[in-house]
Amino acid sequence: MKGSLIILSFFATGLLLGVFRWFPNALLDYNISFYVLCALMFSVGISIGNDPNSFRQFRSLNPRLIFLPLMTILGTYLGIAAVSFFVKNRSLTDCLAVGSGFGYYSLSSILITQYKGVELGTIALLSNIIREVMTLLFAPWMVKYFGKLAPISAGGATTMDTTFPVIVRSSGKDYAIVSIYQGFIVDFTVPFLVTFFCSFK
Amino acid sequence: MFVVISCMLTGIAVGYLIRRWKIRFIHGFILTFIWLLLFLLGLEVGANDIVIKQFGKLGFDAFILATGGTLGSVVAAWVLWLTVRNKSISK
């Protein structure tokens, strides 16, 4: 939660400086964000490749739970498709690109801004923040009515970091490994799926 | 787009090749890059008059998509839950 607030405050600071034009034009003219993004993706790759547990931890899982990330992705897309009629002037693939953030708002909004422009990027940022906050707030309620896997699915790509503590508290310690596994897999798919849905006109 | 993905794949390969050395400071790097990018995104959004004028509308769209996506995934997880709940979760 604290991490999310810090990230939000960076966005808010940028927003205010932007509105009042208190910055040198060079910051936006030279596409600096693209190079920072490449550096970020390289670092994310190193952190995955460098962690021996990344590839090892999956063996102790109930075989059927392997499908949880798939259910998360498919469920998200079906839900998005169902509500996309209420979103005017946006194609279904644009909506699905936003949904492909799975709560990973920093990366998805940056990618979508890069591919589709600031408007959709801002929707992606807000939408994925809202998803994370919903998971943080409603996890116990989800467990009560939809079972112990529900908050893990709702957390999407965030279940190995920001929403992890809440999930362990509401679903139980047995599900910690499931939560990490699901977070890792979905996290990994974000750049690919966002890129895929942004490639449609 | 492919440049971005290949940056990550290169990172995975490099990270794997040097796995003898634990690169702990990489998480600090990631966080710093994320802060910097979100700041730049804020700057870009703030400087864009069209987006600022439509902020309420964009927020509404964002809320609708977040609700749809979250509910959809919760229901999908429930379906999987019904098939595994009586069996042992981990060995």
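Everything quoted here is computed from the prediction, not taken from an experiment.

Rules behind the numbers
Residues numbered from 1 in each chain as written. Chains lettered and ligands numbered in written order. Predicted model: local features only at pLDDT ≥ 70, side-chain atom pairs only at ≥ 80, totals over all residues. Helix = DSSP H or I, 4+ residues; strand = E, 2+ residues; numbered from the N terminus. Rg over C-alpha atoms; globule rule 2.2 N^0.38 Å. Buried ≥ 20, exposed ≤ 12 C-beta atoms within 10 Å, placed from the backbone. Contact = placed C-beta atoms within 7 Å. Domains from an automatic or database assignment. Axes fitted to C-alpha atoms, helices over the stretch in contact; angles between N-to-C directions. Parallel < 35°, antiparallel > 145°, perpendicular 65-115°, else oblique. Left-handed = near helix turned anticlockwise from the far one by under 90°. Nonpolar A, V, L, I, M, F, W, Y, C, P; charged D, E, K, R; others polar.

## Here we look at the overall build of chain A
- The helix and strand inventory of chain A stands at 11 helices and 0 strands.
- Counting from the amino terminus, chain A carries its helices and strands in the arrangement α-α-α-α-α-α-α-α-α-α-α.
- Computed over C-alpha atoms, the radius of gyration of chain A comes to 17 Å, within 12% of the 17 Å expected from 2.2 N^0.38 for 201 residues, which places it in the range of a compact globule.
- Structurally, chain A occupies a C-alpha span of about 55 × 40 × 30 Å along its principal axes.
- For chain A, the residues scored as buried account for 53% of the 201 residues in total.
- Sequence separation of 24 or more characterises 64% of the internal contacts of chain A that already satisfy a separation of 6 or more.

## Brief notes about the domain arrangement of chain B
- When its domains are assigned, chain B resolves into domain 1 (1-53) and domain 2 (55-91).
- On a C-alpha basis, the centres of domain 1 of chain B and domain 2 of chain B stand 27 Å from each other.

## Describing the packing of helix α5 (residues 68-83) of chain A against helix α11 (residues 176-198) of chain A
Residues and elements named next belong to chain A.
- Relative to each other, α5 and α11 sit at 55°, their axes nearing to 9 Å. In terms of orientation, α5 lies oblique with respect to α11. Relative to α11, α5 is oriented so that their crossing is right-handed. Here L68, P69, T72 and I73 of α5 come into contact with α11, specifically with V178, Q182, I185, V186 and T189.
- Class assignment of the residues belonging to the contact of α5 with α11 gives a composition of 6 nonpolar, 3 polar and no charged.

## A short note on the interface of chain B and chain A
- Each partner contributes to the interface: chain B provides 71 residues, whereas chain A provides 88 residues.
- Elements with a contribution of two residues or more to the side of chain B that touches chain A: α1 (2-17), α2 (26-47), α3 (49-53) and α4 (55-84) of chain B.
- Sorting elements by how many residues they give to the side of chain B that touches chain A places α4(B) first, with 25 residues.
- For the side of chain B that touches chain A, the residue count by class is 47 nonpolar, 17 polar and 7 charged.

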